[in-house]
Amino acid sequence: MSVFSSKSFDGHETVAFHSDAKTGLKAIIAIHSTTLGPALGGCRMWDYGDDQAALTDVLRLSRGMSYKNALAGLPWGGGKSVILGNAKTDKTPAMMREMGRFVENLGGRYIVAEDVGTSPDDMLEVSKETPHVRGVKGVGFDPSPGTAYGVFKGLEATVRARLGATDLQGIRVAVQGLGHVGYDLARQLHEAGAVLTVTDIDQAALAKAESELNATVVGLDDIYDADVDVYAPCALGASINDKTVDRLRASVVAGAANNQLAEDRHGDRLAQRGILYAPDYVINAGGVIHIYHEGPNFDRETTFAHIAQIGVTLEEIYQRAKKEGIATHIAADRLALDRLNPAGHSAGLHAAE
C-alpha cells in the first residue's frame, strides 16, 4: 500500500492505521490540515474492495474537509476516517467503542462525526471512549437536513448563474441517490416546482419518489443520459468519470455526493463542455455547518441562515473562475487555500492546476 507516493496524499499531516482483533475493527484516520483548528470529519464505514481503495477514499475525503471547513467559515481543520467492513453485517457497539479509543489516541487533533455507514447511535458508542465527537444521539442533531438545504440553496445559485433562472419552476433535475439527503433534496426541489428524474438501488425509495414527488424513475446507468437541466449526484463519489462525463446532457452539476469528480481533469472537461459544476465540498457543507451549531443553544434560524450562505460562496467561486479563465473546482481550491493561508499557499497544500 502506497501512502506518501499516493497522488491523493497531498501533504497530509497525519495518516493513522488501527486494527483490533477482538472487535474486528480495521480503520484509518487521515488528518489533512489543522491550520484553522482541530480536524473535523465524519467516519465512513464501507466494504471497500481493497485496502488501497480505502486509503485513497479517506485521503480524498480528508482534503475535501479541509477545504469545506475553510470555505464554510468554520474554526476547524480537515480530517476523515474510514472503517473497512460491511456496516449492516460487521458493525457492533464494541467496534464503535474501539473506534472511540482510536480517536482518543490522537489527543483531540481529530474530531469524529457520522458519515455513510455510521449513525448518531454509533457516535454515542464512540463518545463513551472520547469527548472528541459530534452528532451524538441524544446530544447532537441529525445533520442531513442541513446538508440537503445547503445543496438546495447551492443548486438554486448555480441554476441562476448558468441558466439565468430566478426560480426552479420547470427546471428538470436528475437526482442520483435517494438516501436521507438525496430524498430531502428531491422533496425541496419538487416543492419549488422542479421536474424530477430519479434513480437509486432502493426500490422502496424509488416508489416513494414516484408517488409523492411525481418523479420519473430511470435505471442506475440511464441517469447520465437523462434530458435534464441539472444532474444532482447524491450517492457515492466518482460518478463523473471517463465513462460518464461526455454523456451528461445537463448544463449544471450540483449535488450532495463527496468527490464527484473521479479526477480533477473531469472538472476541466465539464468546463470545456459548458457545464457549470458546483464543487462538491462547497455545496454539501450544510451538514458540517449544522454540526458546528449543535448544542444546548441550538437555534435553527441562525443555523439555516449560515447554511444559506453556501449559495453566496458559490457565486464568488463562479465569478473567480470566469475572471481567471479556470474551471470552478480549481477556483474553489484557490479560494480555500486563500482562507487556509492568506499569506500564500501552505506547504503541502495545493490547488489542482
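Definitions and limits used
- Residues numbered from 1 in each chain as written.
- Predicted model: local features only at pLDDT ≥ 70, side-chain atom pairs only at ≥ 80, totals over all residues.
- Heavy atoms only, no water.
- Helix = DSSP H or I, 4+ residues; strand = E, 2+ residues; numbered from the N terminus.
- Contact = heavy atoms within 4.5 Å.
- Expected span 1.5 Å × (residues − 1).
- Buried < 20%, exposed > 50% of the residue type's maximum accessible area, 1.4 Å probe, protein only.
- Polar contact = N/O pair within 3.5 Å; in protein donor to acceptor, adjacent residues only side chain to side chain.
- Core = buried A, V, L, I, M, F, W, Y, C linked by side-chain atoms within 4.5 Å.
- Pairing = 2+ DSSP bridges.
- Axes fitted to C-alpha atoms, helices over the stretch in contact; angles between N-to-C directions.
- Parallel < 35°, antiparallel > 145°, perpendicular 65-115°, else oblique.
- Nonpolar A, V, L, I, M, F, W, Y, C, P; charged D, E, K, R; others polar.
- Salt bridge = Lys/Arg side-chain N within 4 Å of Asp/Glu carboxyl O.
- Patch = residues over 30% accessible without salt bridge, like charges linked within 9 Å, V, L, I, M, F, W, Y side chains within 5 Å.
- Areas by Shrake-Rupley, 256 points an atom, 1.4 Å probe, with all protein chains shown as cover.
- Left-handed = near helix turned anticlockwise from the far one by under 90°.
- Phe/Tyr/Trp six-rings, centres within 6.5 Å; stacked < 30°, edge-to-face > 60°.
- Lys NZ or Arg CZ within 6 Å of the ring centre and 35° of its normal.

Caption draft 1: Seen up close, the environment of Met96. Looking at the element boundaries, Met96 is found in helix α2 (residues 93-104). In the structure, Met96 is positioned 27 residues away from Met123 in sequence and 7.6 Å away in space, judged by C-alpha atoms. Each residue touching Met96, except ones within four places of it in the same chain, is listed here: Ile83, Lys91, Thr118, Asp122, Met123, Glu125 and Val126.

Caption draft 2: Geometry of the environment of Met65. The topology assignment puts Met65 in helix α1 (residues 51-71). With 29 residues separating them in the primary sequence, Met65 and Leu36 have C-alpha atoms 12 Å apart. Each residue touching Met65, except ones within four places of it in the same chain, is listed here: Leu40, Gly41, Gly77, Gly78, Gly79, Lys80 and Val288.

Caption draft 3: View of α1. Relative to the 30 Å expected for 21 residues at 1.5 Å per residue, α1 spans 30 Å between its end C-alpha atoms, a close match to the ideal helical length. Of all 21 residues in α1, 16 are buried, a share of seventy percent or more. N-cap assignment for α1: the residue whose side-chain oxygen lies 3.1 Å from the backbone N of Gln52 is Asp50. Two residues or fewer after α1 comes Gly73, characterised by a positive phi angle close to 75°.

Caption draft 4: Geometry of the nonpolar core. By size, the foremost hydrophobic cluster in this structure holds 62 residues, and its most contacted members are Val173, Val175, Leu178, Leu189, Leu196 and Ile317. No other element matches the 7 residues that helix α10 (residues 300-324) contributes to this core. Other than its neighbours up to four places away in sequence, Leu196 contacts Val173, Val175, Ala186, Leu189, His190, Leu213, Asn214, Ala215 and Thr216.

Caption draft 5: Structural detail: the pairing of strand β9 (residues 230-233). Of the two faces of β9, the one carrying Val230 and Ala232 and the one carrying Tyr231 and Pro233 are both buried. Summarising the sheet, strand β6 (residues 172-176) and β9 pair through 4 bridges and their orientation is parallel. Looking across to β9, one finds that Val173 is bridged to Val230. Summarising the sheet, β9 and strand β10 (residues 252-253) pair through 2 bridges and their orientation is parallel. Its bridge partner lying in β10, Val230 is registered against Val252.

Caption draft 6: View of the packing of α1 against helix α11 (residues 328-340). The N-to-C vectors of α1 and α11 enclose an angle of 70°; their axes lie 9 Å apart at closest approach. As far as their axial angle goes, α11 and α1 are roughly perpendicular. Across the interface between the two elements, Arg63, Ser66, Tyr67, Ala70 and Leu71 of α1 pack against Ala332, Asp333, Leu335, Ala336, Leu337, Arg339 and Leu340 of α11. Across the contact of α1 with α11, the residue classes break down as 8 nonpolar, 1 polar and 3 charged.

Caption draft 7: Spatial organisation of the pattern of salt bridges. Taken as a whole and judged by the stated rule, the model has 27 salt bridges. Put simply, Lys80 and Asp115 hold a salt bridge, and the shortest N to O gap is 2.6 Å. Taken together, the positions of Lys80 in strand β4 (residues 77-84) and Asp115 in the loop between β5 (110-114) and α3 (120-126) put the pair 35 residues apart, joining distant regions of the chain. On the accessibility criterion, Lys80 (4% relative accessible area) is buried. According to the relative accessible area criterion, Asp115 is buried, its value standing at 15%.

Caption draft 8: Main features of a nonpolar patch on the surface. On the surface, a cluster of nonpolar side chains totalling about 220 Å² of accessible area is made up of Trp46, Val116 and Leu236. For Val116, the location among the structural elements is in the loop between β5 and α3.

Caption draft 9: How the structure looks around the packing of helix α9 (residues 286-293) against α10. Taken N-terminus to C-terminus, the directions of α9 and α10 make an angle of 150°; their axes are 9 Å apart at the nearest point. The pairing of α9 with α10 is recorded here as roughly antiparallel in orientation. The way α9 lies across α10 gives a crossing that is right-handed. On α10, the residues that touch Gly286, Ile289, His290 and His293 of α9 are Thr302, Thr303, Phe304, His306, Ile307 and Ile310. Grouping the constituent residues of the contact of α9 with α10 by class yields 4 nonpolar, 6 polar and no charged.

Caption draft 10: Representation of the sheet that holds strand β7 (residues 195-199) in the model. Read across the sheet, 6 strands follow the order β8-β7-β6-β9-β10-β11 without closing on themselves; strand pairing throughout is parallel. The open sheet has two edge strands with one neighbour each: β8 (216-217) and β11 (276-277). With 2 bridges connecting them, β10 and β11 associate as parallel partners. Residue pairing in the sheet places Val252 in a bridge with Leu276 of β11.

Caption draft 11: Seen up close, the packing of aromatic side chains. Considering all chains together, one arrives at 4 aromatic pairs under this definition. Between the aromatic rings of Tyr149 and Phe304, the centroid separation amounts to 5.1 Å while the plane-to-plane angle is 50°, which identifies the pairing as tilted. Here Tyr149 is found in helix α4 (residues 144-163), whereas its partner Phe304 is found in helix α10, with 155 residues between them in sequence. Under the relative-accessibility criterion, Phe304 is labelled buried at 10%. With 5.9 Å between their ring centres and 55° between their planes, Tyr224 and Tyr231 make a pair best called tilted. Relative accessible area serves as the criterion here: at 2%, Tyr231 is assigned to the buried category. Against the face of Tyr183 rests Lys208, its NZ or CZ located 4.8 Å from the ring centre. Between the NZ or CZ atom of Arg300 and the centre of the ring of Phe304, over which it lies, the distance is 4.0 Å.

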